[in-house]
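Descriptive structure summary
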Amino acid sequence: MQTRNLTTTHLQPEPFSVPRSISRTGWLALGYLLFGIGILGMFLPVMPTTVFWILAAGCFLKSSPAMYQRIITSPRYGRAVRDMVEDGIVSQPAKIAAVCGMAVGALVLLLTPAPAMAKLIGCGVIAVSAMIVTSRPSVRPGAAKAN
């Protein structure tokens, strides 16, 4: 009978992995859902398009290169989406617009008859979102800033 040294050959569970076809389908479905919500944002002033298209683009990077290309070549939103997804960049005008929109959203939330906990959570999410947006670089590293 053979004995094993358990300190050197201990068994480790294999990491959980989703089969590629299921994973791709999930990313594709989520991407289309977010893309659709972004389209709604074109017509509803309280729904941001760019944020949902950034999330959709991330999903399409894992599932559909053609849809990713379709988003990043959009004349109106493509550059902002590509800059964020590929380089983590948010332009200065986009930061200003985003933070102003978040401030208005927080004010509207605070003026509604929502429960105090909902207001606290909502304002907390808005504050964290504002910190994330403002912490992103405005230009590519090494690029000269225009004066």
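Here the structure is shown first, and the text comes after it.
Quick summary incoming for the structure in this document. Quick caveat, the model's predicted, so the values are computed rather than measured. (Residues numbered from 1 in each chain as written. Predicted model: local features only at pLDDT ≥ 70, side-chain atom pairs only at ≥ 80, totals over all residues. Heavy atoms only, no water.)

**Some points on the overall build of the chain**
- The secondary structure content of the chain amounts to 6 helices and 0 strands.
- Taken across its 147 residues, the chain has 22% of its residues classed as buried.
- Pairs at least 24 apart in sequence give 54% of the contacts found in the chain among residues at least 6 apart.
- Surface exposure of the chain reaches about 10700 Å², of which carbon and sulfur atoms provide 68%. (Helix = DSSP H or I, 4+ residues; strand = E, 2+ residues; numbered from the N terminus. Buried < 20%, exposed > 50% of the residue type's maximum accessible area, 1.4 Å probe, protein only. Contact = heavy atoms within 4.5 Å. Areas by Shrake-Rupley, 256 points an atom, 1.4 Å probe, with all protein chains shown as cover.)

**A word on the packing of aromatic side chains**
- What the rule picks out here adds up to 3 aromatic pairs.
- Measuring from ring centre to ring centre gives 5.2 Å for Tyr-32 and Phe-60, while their planes differ by 70 degrees; the resulting arrangement is edge-to-face. Here the residue Tyr-32 occupies a position in helix H1 (residues 20-43), and Phe-60 occupies one in helix H2 (residues 49-61), the gap between them amounting to 28 residues.
- A relative accessible area of 43% places Tyr-32 in the partly exposed class.
- Assessed through its relative accessible area of 0%, Phe-60 is described here as buried.
- Here a set of aromatic residues connected by ring pairs shows up, and it is made of Phe-35, Trp-53 and Tyr-77. (Phe/Tyr/Trp six-rings, centres within 6.5 Å; stacked < 30°, edge-to-face > 60°.)

**Looking at the nonpolar core**
- Counting 14 residues, the largest nonpolar core has Phe-35, Trp-53, Ala-56, Phe-60, Ile-71 and Val-81 as its most contacted members.
- Looking at this core, the elements with two or more residues in it are H1, H2 and helix H3 (65-72).
- With sequence-adjacent residues up to four places away left out, Val-81 is seen in contact with Thr-50, Trp-53, Ile-54, Ala-57, Ile-71 and Ile-72. (Core = buried A, V, L, I, M, F, W, Y, C linked by side-chain atoms within 4.5 Å.)

**A closer look at a nonpolar patch on the surface**
- A contiguous nonpolar surface patch, about 600 Å² in accessible area, is contributed by Ile-39, Leu-40, Met-42, Phe-43, Leu-44 and Val-46.
- Here Phe-43 is to be found in helix H1. (Patch = residues over 30% accessible without salt bridge, like charges linked within 9 Å, V, L, I, M, F, W, Y side chains within 5 Å. Salt bridge = Lys/Arg side-chain N within 4 Å of Asp/Glu carboxyl O.)

**Examining the side chain of Lys-95**
- Relative to the elements of secondary structure, Lys-95 occurs in helix H5 (residues 92-111).
- Of the side chains bearing the opposite charge, Asp-83 lies closest to the buried Lys-95, which forms no salt bridge; the N-O distance is 12 Å.
- Those residues in contact with Lys-95, other than ones at most four positions away along the chain, are Val-90, Val-133, Thr-134, Arg-136, Pro-137 and Ser-138. (Lys, Arg positive; Asp, Glu negative; His and termini not counted.)

Without other data, these values stay purely geometric and don't point to any function.
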